[in-house]
Structures are given as C-alpha cells and as structure tokens.
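What follows is the residue order along each chain.
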Amino acid sequence: MSSETLSSTTDVKNLVHPYTNLGDHLNKGPMIIDRGEGIYIYDNHGKRYLEGMSGLWCTSLGFSEERLVNAAIAQFKKLPYYHLFNSRSNTPAIELSAKLLEIAPKNLSKILYANSGSEANDAAVKLVWFYHNAIGKPEKKKIISRLRGYHGVTVASGSLTGLPANHLHFDLPIDRILHTDCPSYYHGAESGESEEAFTQRLINNLEQLILKEGPETVGAFIAEPVMGAGGVIVPPEGYFEGVQKVLKKYDILFIVDEVICGFGRTGMMFGCDTFNLQPDIMSVAKALSSSYLPISATMISQAIYDKIAEQSDEVGVFAHGVTYSGHPICAAVALETIKIYQEDNIVAHVQEVAPHFQKRLHALASHPLVGESRGIGLIGAIELTQDKASKKPFDSSVKIEKRVQENVAKHGVLVRGIRNAIALCPPLIITIEQIDELFDSLEKGLDEVL
Ligand code: PLP
C-alpha cells in the first residue's frame, strides 16, 4: 500500500471531519493538503490549487509568510507558554493588545483573548449577561442574532448562528437567543418591493421583535458586517444605520462579529469602518494571525469593562478564561501579522485590487446559471439559479454548488459551495493576475455544468 493510500485509509478509520458529510467521506476519503506557497496549496499528489477561500476565510497572508514562521520560532525559544490567570502576563500578549487597540474602533478599550471565533462570541454572550447583572438589570439577557448569520459552533455561539444545520439534532438554539431577518434583498424582498422599502421593513421587524419581547429583556444584538458562511450577504444601503438607531433607542448593546471581515477584507481595516458601525463588543479571530496559529479576541468598551470590574468586591475573581488565553506564541504571531498589515499597507493593496475582483465577479451576473453576484472588497459570491427571472434555486438533491466547486477544483482553484451559492474569499495578498486566474477557472467550471 502506498503511503498516500495508507494516510487516506487511516484518516477514514480515525477522524471525525467537521462540516463533512460523514457518509460520503467513508466512500470518498480525504483530500490531503501537503504544503503551501503564497496563495497556492499543493495536495499530496503534487496538484496545485489557488486557494480562493483562504482556507476557511482566514489565511489572509497566504501559506508561506516567513515573518510569521520566524516570529513563532523566536517566541518558542524564549517562552513557549504562559497564561494570563491571576494577574500573570506575557510580553507578546501585552504588545498585541496595544497594537490591536491602536487599529480597532475607538470606543473599544479592553481585550479578552481565546482561541477561536466561537469562543470569542461565547465570551461576548457571557459578558453581556455579566454586565447586565452588574448594572442591576438581570432580566436584560436576550440576544438577537440574524437568520443566516454565522457566529460559531459552541453552545452559545452555535445558538447565535442562524443556519438550520447548526441547530438540527444539536438541540439548539438555547433560550434567550432570538433570530431576526437576514438582510438579503435577493432572497428576502417581496414582489415589487424596492431595496429601500425592504431595508426599512427589516428595521421595523427588528423593532417589533424587541417590543414584542420587551426592550427590558433584550441585552444585545449581534451581526457580521458582511455575512460570510451564510452566503456572503452584503447589507443594503442604510441597513446598519437603521439597526443602530433601534439599538440605541432601546439601550441594546451591539456586538460586531469581525471574525471574517476584520483586517482588511472589506477594503478598510474593519467591517466597522466600511459600514460605520459603533460596536460595544467586537470579536476577531482568523486573519488576526493569518490563521497560522489559533487566537481570537473579544474586545469591549471601557464602559462595559468598568461595570464588570466594579463587581470584584462581590464576586472576587472574574471567573472566565481559557488555558490558552493570550498564548505567547499565538500572540507573537498575531502581533507580527498586524505589523505586516501595517508595513505592507494591506488595506491599500486590497483597495487597489478589489475593483478588478469585483468587476470580474459582477461580470458573472450575465452567466445563465447566475441569479446574482455580490461582494465587497475581496469577498464575494455568486448565487446559482435554474431560472434567472423567478430566481428559483436548484433542488438540494442536484448539489449544484458541489458540482461547480468540483469542476473549478479540476481547473486548479478552490472555491466554496454554500447552498445555492459559490463563495470567494482569497488571501488579501492576491494580485490582479491571480484574480484573473481565479475567475477564469470559475467560469470554466460554471460552463461545464450547463
Ligand atoms: N464568526 C464568524 C463570522 C465566522 O465566520 C466564524 C467561522 O467561520 C466564527 C465566528 C467561528 O469561528 P471559529 O470557527 O474559529 O470558532
């Protein structure tokens, strides 16, 4: 048996793969990725792929950034682990905090670290609850999320996620978590409704939900600036302005989930900058370290921090934190990642190449299989349809997105099929020529399913 066949057999025998059809996996086995170079990865047969999804929307600097490797090695040699419990600290975590706050929305001033986006959002939920207990509003605990929103998979963040597959059979969502509309005009507009009227209807629906539940019971609203895993939904003009007015009116905290949008993806440093959002709490992960090591952060306003800190006399220690919060190697790599963003002016690079990305993306709208193409910065999606006029989606049994994804992979590019859509989220370092390579393969893959 070749070593490749052995690896494949051992994988099928031993692993539970996340977000995988476990039945299919038994028959087909894994695609084993062996190495990376720039924005390309190579499988164990030596086939090269342009990573059009940055892995899981995350490897912003591609797969071979030497500076990140060196930052990890240097920190490994100096201090491979220390924690932040009981007032202990470590220099990379301290320096990373200063750097993150330097670039983050101005009203955020304290940082709690963890390992994943799910944990960061889980912590956000717990902080909302702790805060409202601290200010004497123990009933103000419900959190409103959105259908199609993606916030992770832990019990709380999986409940915030507004996708059926994350709830079905997992007994989620937990109570206290509610869902309001997804701001997709394509999917949600009523017949003849203008985009403006659609947006206003959603804002009214949010207000109605708050009034129905009782504003005194609603503690926070959570949103991604651009929904990612829900199918790349870019909010319509005026949506967040209206949402933020409603939140202010009823004294509801705003949690912004920047796990995908953070660090240049939408053409500004944060989605908050692109859409003029004022978060009370913000979660980041993924591109925080270009995903070379796991690290996430929940950032909070001084006002929230002060109220939580005031509880020290009553509760003693603030009893939240994980073993790897502020892990020094992860923090050192994240710090180096942000330095690269700043020194290489990654935001300016995205602004330079994104118009070409968006031009190629929007050109696909005329393809017979495409109902809509949508995107901003270096993120985008095409929505597949059987009939452009009625926007009728393909039946799930056709697995249209899987077929397109597989065709495009044959042409050396990895994209992601999400329900009836194909998502694109390439590394931020992509060049104009590589953008053409990505779209040329996507077009070929689409034509082949006609
Ligand atoms: N929030 C958003 C917007 C995400 O896209 C994701 C993951 O894709 C998460 C949270 C969860 O992050 P993780 O998979 O690191 O737990």
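The structure under discussion appears in the preceding block.
Now for a look at the structure at hand.

Rules used in this analysis
Residues numbered from 1 in each chain as written. Predicted model: local features only at pLDDT ≥ 70, side-chain atom pairs only at ≥ 80, totals over all residues. Pairing = 2+ DSSP bridges. Helix = DSSP H or I, 4+ residues; strand = E, 2+ residues; numbered from the N terminus. Near = placed C-beta within 6 Å. Nonpolar A, V, L, I, M, F, W, Y, C, P; charged D, E, K, R; others polar. Axes fitted to C-alpha atoms, helices over the stretch in contact; angles between N-to-C directions. Left-handed = near helix turned anticlockwise from the far one by under 90°. Contact = placed C-beta atoms within 7 Å. Expected span 1.5 Å × (residues − 1). Buried ≥ 20, exposed ≤ 12 C-beta atoms within 10 Å, placed from the backbone. Arc of directions from axis to C-beta.

**Some words on the sheet that holds strand S13 (residues 413-414)**
Sheet strands pair by backbone hydrogen bonding; their relative direction is either parallel or antiparallel.
Right, on to step 1. In spatial order, the strands read S1-S2-S3-S13; together these four strands make up an open sheet with mixed pairing. With one partner strand each, in any of the chains shown, strand S1 (33-37) and S13 form the two edges of the open sheet.
Right, on to step 2. Here strand S2 (residues 40-43) pairs with strand S3 (residues 48-51) via three bridges, running antiparallel. What sits directly across from Tyr-40, in S3, is Leu-50.

**What to know about the site of the ligand**
Right, on to step 1. In the vicinity of the ligand lie 16 residues, with Ser-116, Gly-117, Ser-118, Gly-152 and Val-259 positioned nearest.
Right, on to step 2. When residues of the shell around the ligand are traced back to their parent elements, those giving at least two are helix H3 (54-57) and helix H6 (117-134).
Right, on to step 3. Here the shell around the ligand gets three residues from one element, more than from any other, and that element is H6.
Right, on to step 4. Of the residues belonging to the shell around the ligand, the class tally is seven nonpolar, seven polar and two charged.

**Structural notes on the packing of helix H5 (residues 91-103) against helix H15 (residues 328-343)**
Right, on to step 1. Running from N to C, H5 and H15 point in directions that differ by 35 degrees, and their axes come no closer than 8 Å. In the crossing of H5 with H15, the sense of the turn from one axis to the other is left-handed. Listed contacts from H15 to Pro-92, Ala-93, Glu-95, Leu-96, Lys-99, Leu-100 and Ile-103 of H5 are Pro-328, Ala-331, Ala-332, Ala-334, Leu-335 and Ile-338.
Right, on to step 2. A per-class count over the contact of H5 with H15 returns eleven nonpolar, no polar and two charged.

**Observations concerning H5**
One turn of an α-helix holds 3.6 residues; hence residues three or four places apart share an orientation.
Right, on to step 1. Between its terminal C-alpha atoms H5 stretches 19 Å, which fits the 18 Å expected from 13 residues at 1.5 Å a residue.
Right, on to step 2. Residues of H5 that are buried: Pro-92, Ala-93, Leu-96, Ser-97 and Leu-100. Buried residues along H5 cover an arc of 135 degrees about the axis, so they all sit on one side. Facing away from the buried side of H5 by more than 90 degrees, the exposed set consists of Ala-98 and Glu-102.
Right, on to step 3. Of the surrounding secondary structure, the elements contacted by the buried residues of H5 are helix H4 (66-78), strand S4 (108-114), strand S10 (296-301) and H15.

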